[in-house]
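Here is how the chains run, residue by residue.
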Amino acid sequence: MRIILAENYEIMSKKAAGFIAAQVYTKPDSVLGLATGSTPVGVYDNLIDWHKKGYLSFKDCITVNLDEYCGLSADHPQSYAYFMNEKLFRHIDIKPENTHIPDGLNDDADAVCAAYDRLIESLGGIDLQLLGIGNNGHIGFNEPDKYFRMDTGKVDLTLSTIKANSRFFEREEDVPRQAYTMGIRPIVQAKQVIMVVSGKQKAEIIYESLFGPVTPMVPASILQIVQNLVVCGDADALSIIAEKHPQSVEFV
Ligand code: PGA
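Residues numbered from 1 in each chain as written. Predicted model: local features only at pLDDT ≥ 70, side-chain atom pairs only at ≥ 80, totals over all residues. Heavy atoms only, no water.

Undergrad: Would you mind showing me how to read the overall build of the chain here?
TA: Helix and strand counts for the chain come out as eight helices and eleven strands. Its C-alpha atoms give the chain a radius of gyration of 17 Å, near enough to 18 Å, the size a compact globule of 252 residues would have. Every one of the 252 residues in the chain was classed for burial, and the buried ones make up 54%. Sequence separation of at least 24 residues holds for 80% of the intrachain contacts in the chain that already meet a minimum separation of 6. When the accessible surface of the chain is summed, it comes to about 11200 Å², and 51% of that surface belongs to carbon and sulfur atoms. (Helix = DSSP H or I, 4+ residues; strand = E, 2+ residues; numbered from the N terminus. Rg over C-alpha atoms; globule rule 2.2 N^0.38 Å. Buried < 20%, exposed > 50% of the residue type's maximum accessible area, 1.4 Å probe, protein only. Contact = heavy atoms within 4.5 Å. Areas by Shrake-Rupley, 256 points an atom, 1.4 Å probe, with all protein chains shown as cover.)

Undergrad: Even after reading the chapter, I still don't get the pairing of strand β6 (residues 128-131), so can you show me in this structure?
TA: Side-chain direction in a regular strand flips from residue to residue, so the side chains alternate between the two faces of the sheet. Burial along β6 is two-sided: the face carrying L128 and L130 and the face carrying Q129 and L131 are both buried. Note: β6 against strand β9 (residues 192-197), four bridges, orientation parallel. Counted as the bridge partner of L130 is I194 from β9. (Pairing = 2+ DSSP bridges.)

Undergrad: Help me out: how do you make sense of the sheet that holds β9 in this one?
TA: Pairing is parallel in the open sheet, where eight strands are placed in the order β5-β3-β2-β6-β9-β10-β1-β11. Of all strands in the sheet, those bounded by a partner on one side alone are β5 (99-100) and β11 (249-251). Where strand β1 (residues 2-6) and strand β10 (residues 229-234) come together, five bridges link them in parallel fashion. Across the sheet, A6 pairs through a bridge with D234, a residue of β10. Contacts between helix α1 (residues 9-26) and the sheet are confined to β1, β2 (31-34), β6, β9 and β10, with β10 contributing the most and set at about 155° to the helix. (Axes fitted to C-alpha atoms, helices over the stretch in contact; angles between N-to-C directions.)

Undergrad: Is there a simple way to explain the side chain of E68 in this structure?
TA: Take E68: it is sitting in strand β4 (residues 67-69). Of note is the side chain of E68, whose polar atom sits 2.9 Å from the backbone nitrogen of Y80. One polar contact links the side chain of E68 to the main-chain amide nitrogen of A81, over a distance of 3.0 Å. Once residues within four sequence positions are removed from consideration, E68 is found in contact with S79, Y80, A81, I101, P102, G104, A179 and Y180. (Polar contact = N/O pair within 3.5 Å; in protein donor to acceptor, adjacent residues only side chain to side chain.)

Keep in mind that these numbers describe shape and distance, not what the molecule does.
Structure (structure tokens):
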């Protein structure tokens, strides 16, 4: 595991984007696991910038996203399909048919989940998985629970996630209560995992995830078993780790 501390969000985003660019340069047909949320937006901005400058092409890449709200269509402004299109896909040369997100409108959960797992398997797994982390330690929508969910599933969102995500909706009641999420298995089996984490409010949970016990009550703690994990954080998010384990932190 590498923990990279950047002075601020911009530097953190550029550093994390650099790992993705390196992946795409060295394997142009990479399978990229992508994430939504506010933290990865800066990463996507850098990738768009490098693409527009002609340094980086995604024309042979395949993407699989972590999750999608149940009940929202791909053109709903709060859906993750819409988010990915607005924040990344429509600005780069990725082929739309090579981008994959669970279909939130399909309520045949067994079919959606089995198909998503088959898809990831048929792609030979994920080369590089980008992750954020929820305030409660979730990765994707794998919420704190009694067990680690290995496969894609339809999950109930916890109250803390509903509250955290209500900032994107007009009213808290509008936040969908369920979502499809990739399970833990393809995430921990990814050849490389890059996590981005920003802000003081994440300092405690990222510390607990990386240095506390591995427990499904803190889903991100499973990342401790990932060999090729790089955590890129800003100084606020990594403040507790930098204080308690300064020897495990690299600075950029
Ligand atoms: P955030 O979300 O980047 O908007 O904080 C992270 C997450 O919930 O995974």
